[in-house]
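Examining the three-dimensional arrangement
Listed here are the chains, written in short residue letters.
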Amino acid sequence: MVNIQTVATQPFEGQKPGTSGLRKRVKIFQQKNYTENFIQSILEAIPEADGGAKGATLVIGGDGRYYSDEVLQVIVKCSVAQGVSKLIVGRNGIVSTPAASNIIRKRKATGGILLTASHNPGGPDNDFGIKYNCSNGGPAPESVTNKIYEVSKTIKELKLADVPKVDFSKIGTQQVGDMTIEIIDGVADYVDLMKEIFDFDAIKSFFAKNKDFKMLFDGMNGVTGPYGYRLFVEEFGLPESSVMRCTPQPDFGGGHPDPNLTYAHDLVEAVNSQGIDFGAASDGDGDRNMIIGKNAFVTPSDSVAIIAHYAKDAIPYFKKHGVNGLARSMPTSQAVDLVAKKLGLEHFEVPTGWKFFGNLMDAGRCSICGEESFGTGSDHIREKDGLWAVLAWLSILAHVNKDKTMGVQDILQEHYKIYGRNFFSRYDYEEVDGQRADDMVKRLSHQIEKNELAGKKIGDFTIDKADDFEYLDPIDGSVSKHQGIRIIFTDGSRIIIRLSGTGSQGATVRLYVEKYSNDAAEYPKDAQVGLKPLIDVALELSELEKFTGRKEPTVIT
Ligand code: G16
């Protein structure tokens, strides 16, 4: 009989999950009872089970970042006390976010708790994160995250089981009180799933026929290292030199595990200096991806459009199941909409956050979706999936190279010839003063309310309409308001300004610009050059420098 202690606690301010879970500095999570409060709030808010987590089966995974070991033990103590029946845990708590989504679905679990702050840096002075995924394998929708937050605001008592420390390093099953803990290899099921989706033989024969074609995958010392190694080295037989930074580290080797041109510059440099044909990177928890090639950077917005264009011809999963519809987050460029129109498919524009795609997928209305924030995925699971995107690109390369020789840049140019090019860029201003950032957005919001923006002419651009994006979920009828300031010009160009929901310190302002061109002479242009006039307009309209004091962005993607 396990002893359950009742411990008095106080609510902590700000345990409101953001775009994808609660992300804070490690030091915040280390405060006495802070993590316990939040885990118990999750367990009490679990939607499927009456009476909270009683009888639940939960998948526990994460990117293995600093402080995960301690939180795993907290989850055990809280879960036993709340009557959870079973925890399915990756060895050492490590399972990538997409792999966890797959396990939740495959094992028909009640849900899952993921210990990750995704692409945010790790270590004692950096970030930790906790998020809850529901039984469909996707991030909890706002109805659930709001409930978690409500519980966290009134929590007074913790129930904690008095159990010894659990060793998560050995695969197998153990019993803690009435609860079973099954420790699994987080990689195996995922690789099996990828084999069902993609034609591994076609990819292998592409590499065999094109011996000079060089690939480099950068695991950024995050969770996808072992997955990438298993796929590229063990399955496809590529040399060890085809992968880099594939050993997960609690602090990601001191780096920022975010696959973009700034933070994955080691990969970019290696691709440029070693004449690599195809480069790819994934983030800390394995849901993001970046695709580059010889003299080519594939924006995530173009990536989802190109994958959608080739899906039915190049990827067995879509040959078999078809493509039902496409979707993107609001700030993502409209390139994928053009593919949907050409293929006669439904397409959706949802707020930022992968959780918004879940309902569409569950209803069978969306097969492929993507976000400008380096997220690409499909309805094979309910999270974005970094390695899936890399395998999709390898499948496309294998497909198009059957009768001609095409690299990444050729694929891009061919796509633009068919659809035109949606030039896109995002400027991030990280860790700015929260109040000033709010004021900046409020000012624009106010101008929109008073209808002061429509018709305004700035430089060569005239504003057609402006709004504060609101989403009506076509499946459950829920409404999400204030999802970003959207300014659309008469030529179809767009500026979007919103505050990130994943930062852990101050505010991060995101400024997105998009300009469409169907002038072939412009397709090879550098996006930054083509977009400069629009960026100037965005800075002028938002008065960003005045509000944030920043002359330059922290990151440009
Ligand atoms: C999360 C969400 C994504 C979102 C991204 C950026 O990604 O899952 O859907 O696009 O954050 O959000 P924001 O602009 O609010 O910072 P990840 O990879 O951090 O889990």
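That block above? That's the structure.
This report concerns the structure included in the present document. (Residues numbered from 1 in each chain as written. Predicted model: local features only at pLDDT ≥ 70, side-chain atom pairs only at ≥ 80, totals over all residues. Heavy atoms only, no water.)

**Quick look at unusual backbone geometry**
With glycine set apart, most residues show a phi of negative sign, and most peptide bonds adopt trans. For F252, which is not glycine, the phi torsion reads 55 degrees and is therefore positive. Its location among the elements puts F252 in the loop between β11 (243-244) and α9 (265-274). One non-glycine residue, H482, adopts positive backbone phi at about 50 degrees. Within the fold, H482 resides in the loop between β23 (479-480) and β24 (485-489). Residue class for H482 comes out exposed when judged on its relative accessible area of 62%. (Helix = DSSP H or I, 4+ residues; strand = E, 2+ residues; numbered from the N terminus. Buried < 20%, exposed > 50% of the residue type's maximum accessible area, 1.4 Å probe, protein only.)

**Looking at the site of the ligand**
Neighbouring the ligand are 19 residues, the closest being E371, R498, G501, T502 and R510. Between the ligand and H119 there is a distance of 3.0 Å, counted from an oxygen atom to a side-chain nitrogen or oxygen. Take D287: an N or O atom from its side chain is 3.4 Å from an oxygen atom of the ligand. In isolation the ligand offers 460 Å² of accessible surface; the protein chains occlude 100% of this area. Of the residues assigned to the shell around the ligand, the class counts are one nonpolar, 10 polar and eight charged. (Near = heavy atom within 4 Å. Polar contact = N/O pair within 3.5 Å; in protein donor to acceptor, adjacent residues only side chain to side chain. Areas by Shrake-Rupley, 256 points an atom, 1.4 Å probe, with all protein chains shown as cover. Nonpolar A, V, L, I, M, F, W, Y, C, P; charged D, E, K, R; others polar.)

**Observations regarding the sheet that holds strand β27 (residues 555-556)**
Pairing within the open sheet is antiparallel, and its seven strands lie in the order β20-β21-β24-β25-β26-β19-β27. This sheet does not close on itself; its edge strands, each paired only once, are β20 (457-458) and β27. With two bridges connecting them, β20 and strand β21 (residues 461-468) associate as antiparallel partners. Along β21, the bridge assignment pairs I458 with F461. In the packing of helix α16 (residues 434-449) onto the sheet, the strands contacted are β19 (421-432), β21, β24, β25 (494-499) and β26 (507-517), and the crossing angle to β25 comes to about 135 degrees. (Pairing = 2+ DSSP bridges. Contact = heavy atoms within 4.5 Å. Axes fitted to C-alpha atoms, helices over the stretch in contact; angles between N-to-C directions.)

**Observations regarding helix α13 (residues 355-362)**
Buried residues dominate α13, accounting for six of its eight residues. Immediately downstream of α13, the backbone of G364 shows phi near 75 degrees, a positive value.

**Comments concerning the packing of helix α10 (residues 300-314) against helix α15 (residues 408-419)**
Put simply, α10 and α15 touch, their axes get as near as 11 Å, and they point 80 degrees apart. Judged by the angle between their axes, α10 and α15 are roughly perpendicular. In contact with D302, A305, I306, H309 and Y310 of α10, α15 contributes I411, L412, H415, Y416, I418 and Y419. Among the residues making up the contact of α10 with α15, the classes are represented as eight nonpolar, two polar and one charged. (Parallel < 35°, antiparallel > 145°, perpendicular 65-115°, else oblique.)

**Concerning helix α4 (residues 97-106)**
Each full turn of the α-helix corresponds to 3.6 residues, which orients residues three or four apart in the same direction. α4 sits mainly inside the fold: eight of its 10 residues count as buried. Of the residues making up α4, those classed as buried are T97, P98, A99, A100, S101, N102, I103 and I104. The backbone nitrogen of A99 lies 3.1 Å from a side-chain oxygen of the residue at the head of α4, namely S96.

**Looking at the side chain of S68**
Counting through the fold element by element, S68 comes out in helix α3 (residues 68-81). Not counting the four nearest positions on each side in its chain, S68 is found in contact with L115 and F128.

**What about the pattern of salt bridges?**
With the rule as written, the count across this model stands at 37 salt bridges. The salt bridge involving K546 is made with E543; its shortest N-O contact spans 3.0 Å. Look at E543 and you get partly exposed, because its relative accessible area is 27%. Salt bridges sharing partners connect three or more residues here, namely R328, D337, E349, D467, R486, R494 and E514. (Salt bridge = Lys/Arg side-chain N within 4 Å of Asp/Glu carboxyl O.)

**A look at the side chain of S301**
Within the secondary structure, S301 is located in helix α10. We classify S301 as buried; its relative accessible area is 1%. Residues in contact with S301, not counting those within four places in the same chain, are T332, S333, A335, E372 and F424.

**A closer look at the nonpolar core**
Core analysis: the biggest nonpolar cluster contains 77 residues, and F232, F278 and L394 have the highest contact counts within it. Per-element accounting of this core gives the leading share, 12 residues, to helix α14 (residues 386-400). Residues contacting F232, with those up to four places away along its chain left out, are M215, F217, G237, L238, V243, L387, V390, L391 and L394. (Core = buried A, V, L, I, M, F, W, Y, C linked by side-chain atoms within 4.5 Å.)

**Description of the pairing of strand β12 (residues 278-282)**
By the criterion of burial, β12 is predominantly enclosed, with five of the five residues buried. With burial as the criterion, each face of β12 is covered, one bearing F278, A280 and S282 and the other bearing G279 and A281. Relative to β12, strand β10 (residues 215-218) is paired through four bridges, and the arrangement is parallel. Its bridge partner lying in β12, D218 is registered against A281. Alignment of β12 against strand β13 (residues 289-293), held across five bridges, turns out to be antiparallel. By the bridge assignment for β13, A280 is matched with I291. The turn linking β12 back onto β13 is made up of six residues, and G286 within it adopts a positive phi angle of 85 degrees.

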